[in-house]
Amino acid sequence: MVEGIYRVIGLEREKERQQAFFKQAYAKRFTLYAAIDAKCAQGLIQDTFNFTQAQARYDRQLTLGEAACTMSHQAVWRELASHPTATYAVICEDDAFFSSDMAVLEALLPEFFGSTKKKDIGILIFGESNTHSFNGVLKYKLGFPMQWNPLTKKGLSNTVYKIGRLSTNYLCGTVGYVISKDWAKVLCDIEPSWLADDFQVIKEAGEAKCHRTLDVFHIRPRLVIENAVCKSGLELERRQEQIKGWGPRKHSWGSVIYIAMKSISLYWWRRYTSSK
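It should be emphasised that the depicted structure is a prediction, and the values quoted were computed from it without experimental measurement.

**Q** Give me the environment of leucine 124: which residues, what numbers.
**A** Position of leucine 124 relative to the elements: it lies in strand β5 (residues 121–125). Along the chain, leucine 124 and isoleucine 219 lie 95 residues apart, while their C-alpha atoms are 7.5 Å from each other. If near-sequence neighbours (up to four positions away) are discounted, leucine 124 is found in contact with Leu105, Leu108, Phe112, Phe113, Ile163, Tyr177, Val178, Phe217, His218 and Ile219.

**Q** Please set out the nonpolar core residue by residue, giving values where relevant.
**A** By size, the foremost hydrophobic cluster in this structure holds 45 residues, and its most contacted members are Ile45, Phe49, Trp77, Ile91, Ile123, Tyr177 and Ile179. Listing elements by their share of this core, those giving two or more residues are β1 (4–10), α3 (51–58), α4 (64–81), β3 (88–93), β5, β9 (176–180), α7 (181–187) and α8 (199–210). Take this core: its biggest share by element is seven residues, from α4. For isoleucine 91, the residues in contact, after removing those within four places along its chain, are Arg7, Ile9, His73, Val76, Trp77, Val175, Gly176, Tyr177 and Ile179. Ranked by size, the runner-up nonpolar core spans 29 residues in total, among them Met102, Val104, Phe217 and Ile219.

**Q** An account of the side chain of glutamine 24 is needed here, citing residue identities and associated values.
**A** Following the sequence through the fold, glutamine 24 ends up in the loop between α1 (15–22) and β2 (31–34). In terms of polar contacts, glutamine 24 uses its side chain to reach the backbone amide nitrogen of phenylalanine 98, at 2.9 Å. Residues within four places of glutamine 24 in sequence aside, it is in contact with Ala96, Phe97 and Phe98.

**Q** For α4, give the residues involved together with the corresponding values.
**A** Three- or four-residue spacings in an α-helix give side chains the same orientation, since the helix completes a turn every 3.6 residues. In this model, α4 (18 residues) spans 25 Å end to end at C-alpha, consistent with the 26 Å of a helix rising 1.5 Å per residue. With respect to burial, α4 is a largely interior element, 15 of its 18 residues being buried.

**Q** Requested: an account of the sheet that holds strand β4 (residues 96–98), with residues and values cited.
**A** Reading across from one edge, β4-β11-β6 is the order of the three strands in this open sheet, with mixed pairing throughout. Two strands bound the open sheet, and with one partner strand each, they are β4 and β6 (127–128). Examined bridge by bridge, β6 and strand β11 (residues 224–226) share two bridges and lie parallel to one another. Bridging from a neighbouring strand, glutamate 128 pairs with isoleucine 225 of β11.

**Q** Describe the pattern of salt bridges, naming the residues involved and giving the relevant values.
**A** Counting across every chain of the model gives eleven salt bridges. Here arginine 29 ties to glutamate 106 by a salt bridge, and the two come within 3.5 Å at their closest N and O atoms. Linking arginine 29 in the loop between α1 and β2 with glutamate 106 in helix α5 (residues 103–113), this pair joins segments that are 77 residues apart in sequence. Taking the shortest distance from any N to any O, the salt bridge between glutamate 128 and arginine 222 comes out at 2.9 Å. One end of the pair, glutamate 128, is in strand β6; the other, arginine 222, is in the loop between β10 (215–220) and β11, and 94 residues separate them in sequence. Take arginine 222: its relative accessible area is 1%, and that puts it in the buried class. Residues participating in the shared-partner salt-bridge network are Arg13, Glu14 and Asp37.

**Q** How would you summarise the sheet that holds β9 if you had to cite specific residues and measurements?
**A** Sheet strands pair via backbone hydrogen bonds, and the direction of the pair is either parallel or antiparallel. Strand order across the open sheet formed by eight strands is β2-β1-β3-β9-β5-β10-β8-β7, with mixed pairing between neighbours. Edge positions in the sheet fall to β2 and β7 (151–154), since each has one partner strand and no second. In this sheet, adjacent strand axes meet at a mean angle of 25° when their direction is disregarded. Sheet topology note: the β1/β2 ladder contains four bridges and is parallel. Following the sheet pairing, arginine 7 is matched in β2 by threonine 31. Of the strands in this sheet, β1, β2 and β3 are in contact with α1, which crosses β1 at around 145°.

Cut-offs applied
Residues numbered from 1 in each chain as written. Predicted model: local features only at pLDDT ≥ 70, side-chain atom pairs only at ≥ 80, totals over all residues. Heavy atoms only, no water. Helix = DSSP H or I, 4+ residues; strand = E, 2+ residues; numbered from the N terminus. Contact = heavy atoms within 4.5 Å. Core = buried A, V, L, I, M, F, W, Y, C linked by side-chain atoms within 4.5 Å. Buried < 20%, exposed > 50% of the residue type's maximum accessible area, 1.4 Å probe, protein only. Polar contact = N/O pair within 3.5 Å; in protein donor to acceptor, adjacent residues only side chain to side chain. Expected span 1.5 Å × (residues − 1). Pairing = 2+ DSSP bridges. Salt bridge = Lys/Arg side-chain N within 4 Å of Asp/Glu carboxyl O. Axes fitted to C-alpha atoms, helices over the stretch in contact; angles between N-to-C directions.

In structure tokens form, the structure reads like this:
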């Protein structure tokens, strides 16, 4: 039997957000994991998070709240790594709003994270932030296309879900994803210096440590989006930083179009070289 842990990350003082979260039927299987509070743990954050490396990566100073968010997710990975029986963790944030097709995710868990798993997947992202639709944001779908011939699953709503790798990973939020125990063990002790949802940097850090490929898969359309009524203070903080400018990682239409053209060119180059 495949076993996992289900954790929703949230600040203990955000009672209204958690009440809204736990009113949802699918949320009943989750346990609250108290997030590190930047207002109360400044010393811990300063001692643990590598702000210098993060500033070099993002061309700006990350806030204490952003660092605390990354550290909170890493703490759940650490819990999974030491769990005696769980093989994966389903992780959400407390502003998660679930679709009616969560059975799609449950069907994928034994296939991807069980003892007889078909694919060596480290992270499966099923949620997206900053969107009002489970279909996600158009520019991200264009700029970060999914692999050819992805796995498909049909939901109760007859929606066809595609599961596969993207050309590269983007900042899609941490509102909903799954991580395997194998990769939680690798990632939980790396010094954090990334945004919580920078899965491309997380992938590269894990691969550099253990010298094997960390597969990051996505589900489209998404199964979780942010609850529009329960906006977090951290999300408002992030958006203020986006307005100031995020350097090369700011996902403007221009940068997304550039990434899309680069991804398509790389795909056809690989096909050409593999056929020779």
